[in-house]
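Notes for the structure review
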Amino acid sequence: MLPIVARTLAFATVVLFATLASAQDARVEAARKEGKVVWYTSLALPSAEKVAKLFEAAYPGIKVEVHRTGSERILGRVMQELKANIKNVDVVHTSDAGHFVMFKGRGLLTKYTPAGVEGFPAGFKDKDGYYYGLRATVNAIAYNTKALSAAEAPKTWKDLLDPKWKGKLVTAHPGYSGVITTHVAALVNLHGWDYFKQLAQNRPMLVQSAVDPSGVVASGERVVAVNGGDYTFYQTKKKGNPLEIVYPREGVPLVVSPTAIMSFAPHPNASKLFTDFTFSREVQQVMADSEGLYTGHPEVRYPADKPKLSELKLLTVDPEELEKRGEEIRKRFVEIFGA
Amino acid sequence: MTGEGVAAGTPGRLRGIDRALPVWVAVVLVLVFLMALPLGWLVWMSVSTEAAGPTLGHYAAVLQSPAMLKALWNTVVLAFWVGLASVAVGAPLAWLTARTDLPGKGVMRALVLASFVTPPFLGAFAWVMLAGPNAGLLNVLWRDVTGATEPLFDIFGMPGLVFVVTTYTFPYVYIMVANTLALIASDLEEAAAILGAGRFTVARTVTLPMVAPALVSGFILSVLQALALFGSPAILAMPAGFHTITTQIWSLFQYPPKIEQAAAISMPLLLATALLLLVQKRVLGRRGYAAVGGKGGQRRTIPLGVWRWPALLGCMAVMACAIFLPYGILAKAAFSRAWAQPLTWSNLTLGNFTFTFFEYSATRSAIVNTLELGIATASVGAVMVALLSYVANRRLIVGHQVVAFLALAPIVIPGVVLAVALFIAYTRPPLILYGTLTILFVAYLTKEMPVGYAQSDATFRGIPPELEEAGRILGAGRLRILRDVTAPLARSGIIAAWCFIFIGVIRELSASIILFTPATKVMSVVIFDLKEEGQFGAIAVLGLVMLALTFATVGLVQAVLGRDVLGVKD
């Protein structure tokens with residue numbers, strides 16, 4: 001009897017795998033027929049290109065068209081194209097979770113659950129299953145170690161208000177970056193708009209992308225970055241630049257950057273294949289290792305020289321709150337800082 | 001006997017004219033369509049809402065917004081100082097190269113030309129690396145040498161912006177003044193000298209009044225340039241926390257877009273430009289200077305004496321700011337890992353090139369788009385301006401006077417404003433062009449029309465109509481004469497028009513930045529994208545590619561025309 005059971009089981013297993021494989025094959029084949037996936041992404045350019053190249057190596061014949069710009073620019077782009085009836089984008093990935101609340105509300109998203117997100121923490125998942133957090137970063141302070149010692153460096157967000165930093169600071173812009181929109185929302189909740197009014201007294205240099213402050217501080221053009229994704233600071237530091245990261249005691253704004261497939265995606269199969277791929281353990285691990293990002297994947301291991309998310313006091317902003325307050329944040333920031 | 005008279009008497013000829021007439025009319029109609037549709041929409045949009053019909057609310061919103069008023073004021077300040085500074089730099093330089101025994105005059109002219117064709121936003125970007133208050137190379141050097149703690153110069157702010165814009169705008173004054181000086185004989189100056197006037201008095205009382213129209217006109221052209229620029233203020237003013245009109249208009253396109261306000265704030269810019277051009281026309285139109293324009297008479301070289309070498313040094317200092325330093329730092333940034341660090345072996349890399357060309361996927365399609373658009377616009381544009389200036393010069397249709405006006409009219413439309421108009425016009429029926437390369441093509445064709453037309457017009461003025469009349473007496477139709485007689489004579493002039501349009505297109509940023517979509521990026525837009533993310537190495541690489549393309553084209557014009565592009569005679 002036993003051999004028969006064993007044989008039946010073995011046969012079933014083979015059939016199951018073959019079915020799975022052929023289902024996968026059919027998916028890949030359908031995606032390959034579409035030929036490409038168009039990705040509007042706010043992930044820093046070199047990181048985004050790296051993910052795209054990994055995908056193209058894993059699935060030859062399917063190209064990833066990377067269009068990298070700031071989260072807020074992506075929003076403008078998507079809505080503008082929608083109005084002009086242009087259907088170009090497949091997968092949208094920004095660092096302003098409010099965008100996805102709005103997209104979902106307008107019926108612009110495909111309901112799709114990427115493989116392997118079951119174990120992700122709640123903060124990475126839309127309760128209705130339309131969008132999922134692809135990666136996370138926290139806003140931190142960074143300073144140039146040639147100009148400042150660890151003792152002289154600011155320790156808290158409030159330290160940055162000291163007039164001695166006048167002309168020495170750089171900030172990125174919520175009109176461009178979703179990381180910064182989230183940052184401003186979190187710090188307004190913590191310290192109020194007065195904090196930013198006082199910060200403006202120190203006349204920080206205004207750059208656009210949350211990637212840029214790391215370069216400005218590394219070159220020595222300004223001494224302290226008052227915000228910016230800590231992954232860009234981490235990468236810059238790893239390249240041997242004189243830069244150190246400070247995670248302020250009051251807490252660090254956590255930015256979970258969602259990704260979703262648009263309802264009108266011209267390449268739906270390639271979009272799903274690509275989305276699954278970006279949530280795979282391998283790619284999530286790459287993002288943690290070489291890019292210095294945090295992810296929701298429970299099995300991902302982080303570099304020893306980065307603090308664990310659990311060790312940091314996190315300031316979170318609800319996506320729905322971001323959706324409601326985004327425009328006000330951008331407007332007031334421009335009023336306070338001048339451009 | 002006029003050509004028309006012959007035509008009337010010969011039935012065959014009459015048919016020839018009838019066949020050609022639709023061509024002229026069609027070309028003119030295309031021109032009207034290019035201009036009228038977008039501008040009509042722009043004006044309408046500024047005084048209406050989609051829901052409620054006509055309103056002046058958008059103007060009220062603009063006028064009541066302190067931020068917008070401040071942007072307007074900043075633009076006025078910028079344009080005024082750029083105009084003055086351009087005259088202060090361009091006029092002496094023109095006089096030195098046109099009239100004196102300054103050493104290396106040919107080289108100097110070539111350098112002015114180089115500054116003329118350098119995309120201003122590349123210059124601005126280079127100056128961030130040169131004179132950023134802390135990391136800027138010149139400021140680092142200054143601190144090292146003097147031990148000072150304060151920077152020598154902060155490029156972020158109005159003075160820095162005026163400086164950089166002037167650096168690439170003074171050639172407009174130079175061209176006007178040098179071309180005028182080349183037409184003024186020395187007789188009057190010598191007469192004054194014989195009557196006992198000193199060298200300074202001669203310059204003040206004789207030479208200056210004669211070049212005054214050129215100075216005013218150069219001033220106005222510089223002001224217009226400064227009004228319309230987008231890239232330089234975006235790179236130098238926004239980090240310092242202020243806007244000019246152009247960057248303000250652009251920021252109104254961010255979500256949620258306020259296109260109506262963008263249309264409303266475009267109007268003052270449009271009116272100011274039109275007004276300034278009107279003034280310029282008046283100034284140039286006052287033909288009271290019989291001494292200017294005569295080809296007779298000698299132009300004697302004025303010896304500079306002991307001032308010869310200091311003058312050269314002054315010229316070289318200007319060129320260092322416009323060419324040597326910016327190009328040098330771009331090259332350095334292209335080949336180094338960290339642009340602010342010394343160029344040591346460990347800092348040397350080809351990584352920026354591999355990244356730009358092989359890893360950054362937007363590069364290649366952007367280069368292809370730019371070249372396609374450049375070639376298409378230049379080719380269609382050159383044919384159009386040739387036909388238009390032919391129509392105007394030979395008075396082929398009723399209302400031919402209007403043709404020149406229409407062809408030159410786009411010069412009053414700053415690139416950003418043109419883009420707003422095109423955006424409004426072509427995101428709706430009957431023609432939805434947004435998202436295609438065609439809308440960029442239309443923008444470039446409109447924007448470059450005046451430059452091409454001016455070149456082509458000069459060419460046809462130089463071709464006497466007698467040869468054509470001879471052809472017509474022998475029985476050829478207009479189109480055939482154009483092909484067999486006129487075109488061969490005008491060929492080099494038309495090729496030059498082609499090149500001017502091409503150079504204008506590959507560097508265009510202010511209209512492109514509003515009209516591009518991810519599928520239709522061009523090089524200037526990619527450079528701007530990279531700037532926002534602070535990818536200095538890749539910007540430098542693409543900047544060098546753009547400069548190489550530009551100078552290759554300039555070389556082609558020089559070869560075809562057999563003289564330099566600035567039109568200054570030796």
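Residues numbered from 1 in each chain as written. Chains lettered and ligands numbered in written order. Predicted model: local features only at pLDDT ≥ 70, side-chain atom pairs only at ≥ 80, totals over all residues.

As a further point, take the overall build of chain B. The secondary structure content of chain B amounts to 25 helices and four strands. Its C-alpha atoms put chain B at 85 × 75 × 50 Å along the principal axes. Within chain B, buried positions represent 49% of all 570 residues. A separation of at least 24 residues holds for 78% of the contacts in chain B among residues at least 6 apart in sequence. (Helix = DSSP H or I, 4+ residues; strand = E, 2+ residues; numbered from the N terminus. Buried ≥ 20, exposed ≤ 12 C-beta atoms within 10 Å, placed from the backbone. Contact = placed C-beta atoms within 7 Å.)

Counting its regular elements, chain A contains eleven helices and eleven strands. At 22 Å, chain A has a C-alpha radius of gyration in line with the 20 Å of a compact globule built from 339 residues. Overall, chain A is about 80 × 50 × 30 Å in size when its C-alpha atoms are taken along their principal axes. Scored against the burial criterion, the 339 residues of chain A give a buried share of 51%. If you take every contact in chain A between residues at least 6 apart in sequence, the share linking residues at least 24 apart comes to 80%. (Rg over C-alpha atoms; globule rule 2.2 N^0.38 Å.)

The next subject is the domain arrangement of chain B. All names here are of chain B. When its domains are assigned, chain B resolves into domain 1 (1-44 + 350-570) and domain 2 (55-297 + 307-336). On a C-alpha basis, the centroid separation for the pair domain 1 and domain 2 is 25 Å. Counting residues at the interface gives 35 residues for domain 1, matched by 35 residues for domain 2. The set of elements that each furnish at least two residues to the side of domain 1 that touches domain 2 consists of helix 19 (415-425), helix 23 (512-515), helix 24 (523-533) and helix 25 (536-561). (Domains from an automatic or database assignment.)

Turning to the nonpolar core, a few remarks are in order. Nonpolar side chains in soluble globular proteins generally cluster together in the buried interior. Residues and elements named next belong to chain B. With 270 residues, the main nonpolar core has L388, V420 and L422 as its most contacted residues. With 16 residues, the single largest contributor to this core is helix 4 (residues 66-99). Contact partners of L388, with chain neighbours within four places excluded, come to V27, L31, V403, A407 and Y453. (Core = buried A, V, L, I, M, F, W, Y, C linked by C-beta atoms within 7 Å.)

Once that is clear, we can look at the confidence of the model for chain B. Residues and elements named next belong to chain B. In the predicted model, chain B carries a mean pLDDT of 88, and the fraction of residues at 70 or more is 93%. Contacts for the low-pLDDT stretch residues 1-16, under 50 throughout, to residues beyond four places or in other chains number twelve contacts. Scoring the predicted complex yields pTM 0.91 and, for the interface, ipTM 0.90. (pLDDT = per-residue confidence, 0-100.)

Attention now goes to helix 10 (residues 281-289) of chain A. Side chains three or four residues apart in an α-helix point the same way, a direct result of the helix having 3.6 residues per turn. Residues and elements named next belong to chain A. Taken together, the buried positions of helix 10 are occupied by V283, Q284, M287 and A288. The buried residues of helix 10 occupy an angular sector of 145° when the element is viewed end-on, so they sit on one face. Where helix 10 is buried, its residues meet helix 2 (45-58), strand 4 (132-138) and helix 9 (268-279). (Arc of directions from axis to C-beta.)

Moving on to the packing of helix 7 (residues 212-219) of chain A against helix 8 (residues 230-238) of chain A. All names here are of chain A. The interhelical angle for the contact between helix 7 and helix 8, taken along N-to-C directions, is 35°, at an axis separation of 8 Å. The way helix 7 lies across helix 8 gives a crossing that is right-handed. On helix 8, the residues touching S214, G215 and A218 of helix 7 are T232, F233 and T236. Broken down by class, the residue content of the contact of helix 7 with helix 8 amounts to two nonpolar, four polar and no charged. (Axes fitted to C-alpha atoms, helices over the stretch in contact; angles between N-to-C directions. Left-handed = near helix turned anticlockwise from the far one by under 90°. Nonpolar A, V, L, I, M, F, W, Y, C, P; charged D, E, K, R; others polar.)

Next up on the list: the interface of chain A and chain B. Taken together, the contact pairs 38 residues of chain A with 32 residues of chain B. Taken together, the elements giving at least two residues each to the side of chain A that touches chain B come down to helix 2, strand 2 (63-68), helix 3 (71-83), strand 7 (205-206), helix 7 and helix 11 (319-337) of chain A. Counting residues per element, the side of chain A that touches chain B draws most heavily on helix 3 of chain A, which supplies six residues. The residue makeup of the side of chain A that touches chain B, split by class, is 16 nonpolar, 13 polar and nine charged.

The subject of this paragraph is the domain arrangement of chain A. Residues and elements named next belong to chain A. Taken domain by domain, chain A comprises domain 1 (34-135 + 256-310) and domain 2 (138-254 + 313-337). At the interface, 22 residues of domain 1 touch 23 residues of domain 2. Broken down by secondary-structure element, the contributors of at least two residues to the side of domain 1 that touches domain 2 are helix 3 and helix 4 (97-105). Per-element accounting of the side of domain 1 that touches domain 2 gives the leading share, five residues, to helix 4. Considering only residue class, the side of domain 1 that touches domain 2 consists of nine nonpolar, eight polar and five charged.

Further remarks concern unusual backbone geometry. Of note, the bond from Y255 of chain B into P256 of chain B is cis; its omega dihedral lies within 30 degrees of zero at -10°. Inspection of the secondary structure assignment puts P256 of chain B in the loop between helix 13 (245-251) and helix 14 (259-285). Here the phi dihedral of N85 of chain A falls at roughly 60°; this positive angle occurs in a residue that is not glycine. Its place among the elements puts N85 of chain A in the loop between helix 3 and strand 3 (91-93). Positive phi is not limited to glycine here, since R203 of chain A has a value of about 45°.

All names here are of chain A. One open sheet accounts for five strands, arranged 7-6-8-5-9; its pairing is mixed. Every other strand in the sheet has two partners, leaving strand 7 and strand 9 (243-246) as the edge strands with one partner each. Of the strand pairs in this sheet, strand 6 (residues 169-171) and strand 7 are connected by two bridges, and their pairing is parallel. Considered in strand 7, the bridge of T171 is made with L206. (Pairing = 2+ DSSP bridges.)

Attention now moves to the packing of helix 20 (residues 437-461) of chain B against helix 22 (residues 478-506) of chain B. Residues and elements named next belong to chain B. Between helix 20 and helix 22, the least distance of the axes is 9 Å, while the angle of their chain directions is 155°. As the angle between them shows, helix 20 and helix 22 are arranged roughly antiparallel. Note on packing geometry: the crossing formed by helix 20 with helix 22 is right-handed. Within the contact between the two elements, helix 20 uses Y444, E448, V451, G452, Q455, S456, T459 and F460 and helix 22 uses A490, G493, I494, A496, A497, F500, I501, G504 and V505. (Parallel < 35°, antiparallel > 145°, perpendicular 65-115°, else oblique.)

Below, the discussion takes up the environment of S46 of chain B. For S46 of chain B, the location among the structural elements is in helix 2 (residues 11-46). As a C-alpha pair, S46 of chain B and P342 of chain B span 296 residues in sequence and 52 Å in three-dimensional space.

Our next topic: the pairing of strand 5 (residues 141-144) of chain A. Each regular strand carries side chains that alternate between the two faces of the sheet. Residue and element names in this part refer to chain A. Burial along strand 5 is two-sided: I141 and Y143 facing one way and A142 and N144 facing the other are all buried. For strand 5 and strand 9, the ladder comprises four bridges, and the chain directions are antiparallel. Within strand 9, the residue paired with N144 across the bridge is L243. Across two bridges, strand 5 lies against strand 8 (residues 224-225) in antiparallel orientation.

Residue and element names in this part refer to chain B. Relative to the helices and strands, K332 is located in helix 15 (residues 308-335). Overall, K332 belongs to the partly exposed group, with 19 C-beta atoms counted inside 10 Å. Between the alpha carbons of K332 and A425 there is a distance of 43 Å; along the sequence they are 93 residues apart. Setting aside residues no more than four positions away along its own chain, K332 makes contact with W339 and L343.

Below, the discussion takes up the environment of T171 of chain A. All names here are of chain A. Secondary-structure assignment places T171 in strand 6. Through-space distance from the C-alpha of T171 to that of A210 is 8.1 Å; in sequence the pair is 39 residues apart. Among residues more than four places away in sequence, those in contact with T171 are P204, L206, V226 and N227.

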